[in-house]
Amino acid sequence: MDIRRRNHVTVTGRTDGPVLLLAHGFGCDQNMWRLVVPTLAESYRVVLFDYVGSGRADPSAWDELRYSSLEGYAQDVLEVCEELDLRDVTFVGHSVSAMVGVLAAAKAPQHISRLVMVAPSPRYIDDDGYRGGFSADDIDELLESLESNYLGWSAAMAPVIMGNADRPELGQELTTSFCATDPDMARVFARTTFLSDSRADLKTVTAATLILECTHDVIAPREVGAYVHAAIPGSRLVTLEATGHCPQLSAPQATAEAITGFLGAA
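Residues numbered from 1 in each chain as written. Predicted model: local features only at pLDDT ≥ 70, side-chain atom pairs only at ≥ 80, totals over all residues. Heavy atoms only, no water.

Draft legend 1. Summary view of the sheet that holds strand E7 (residues 236-243). Spatial ordering of the open sheet is given by E1-E3-E2-E4-E5-E6-E7, a layout of seven strands whose pairing is mixed. A single partner strand is all that each edge strand has here, and the edge strands are strand E1 (10-13) and E7. On average, each strand axis in the sheet is inclined to that of its neighbour by 20°, with strand direction left out of account. Where E1 meets strand E3 (residues 45-48), four bridges bridge the pair, whose relative direction is antiparallel. Bridging across to E3, valine 11 finds its partner in valine 47. Contacting strand E5 (112-118), strand E6 (208-216) and E7, helix H9 (residues 222-231) runs over the sheet at an angle of about 165° to E6. (Pairing = 2+ DSSP bridges. Helix = DSSP H or I, 4+ residues; strand = E, 2+ residues; numbered from the N terminus. Axes fitted to C-alpha atoms, helices over the stretch in contact; angles between N-to-C directions. Contact = heavy atoms within 4.5 Å.)

Listed below in structure tokens is the structure:
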């Protein structure tokens, strides 16, 4: 299989620079990184891709069983690394992709040596002593709504996830991205995302890790950032002066500077 075509892999930036591998979250694609890429590309070789089932990835490669687990998405990451012979990579994962990066780094540390988690959450459902931001009933209702009317759900939820009500163009962009995703594939990725529990996997992290959170994020509240930071020894937690779940769009300069600052100090 042609992995580059399967995952619509694109490469930019310095050919001789350290490698950054940027991974999008649910309902998105590599285009979500476009505002941070110019800054990152000045010093780094930037590799972008789409998970199968998202963006311009090859839909014929879709396998519902494989992508019903975060392990399937981690396998996409590792196959991209192997195809491009990437070593000593900094994996930048947005939202659920932060946990995909944890799994990939544990399985193949020769490929991934640093993690940048952008608005991560290891579990979205509240639990005893843990606040994920949603009750089990909340998630059940969210998934039922998504599965019964995906386009309607996208139009209603994307602006909420994005935040920044004073900048409606951001919510519209996320809505467009959600609506461009095949509904059947999106339903699988949504269940995989919102029902996941990766808290135990955080204990496996040995890579240098940066956690980026926003001051207000309805999907990953600050309690989650604090939890991830406490669970990964030596990790660095940075709170961006940004609202919403997608700081790479709402605060791209601050996001890029936090990433380059971390790598410069690592």
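Draft legend 2. Quick peek at the nonpolar core. Within the largest apolar cluster, 71 residues are counted, with the highest numbers of intra-cluster contacts made by Phe26, Val77 and Met117. A per-element tally of this core places helix H4 (residues 96-107) first, with eight residues. One finds Val36, Leu212, Leu240 and Ala256 within the second-largest nonpolar core, a separate group that totals 24 residues. (Core = buried A, V, L, I, M, F, W, Y, C linked by side-chain atoms within 4.5 Å. Buried < 20%, exposed > 50% of the residue type's maximum accessible area, 1.4 Å probe, protein only.)

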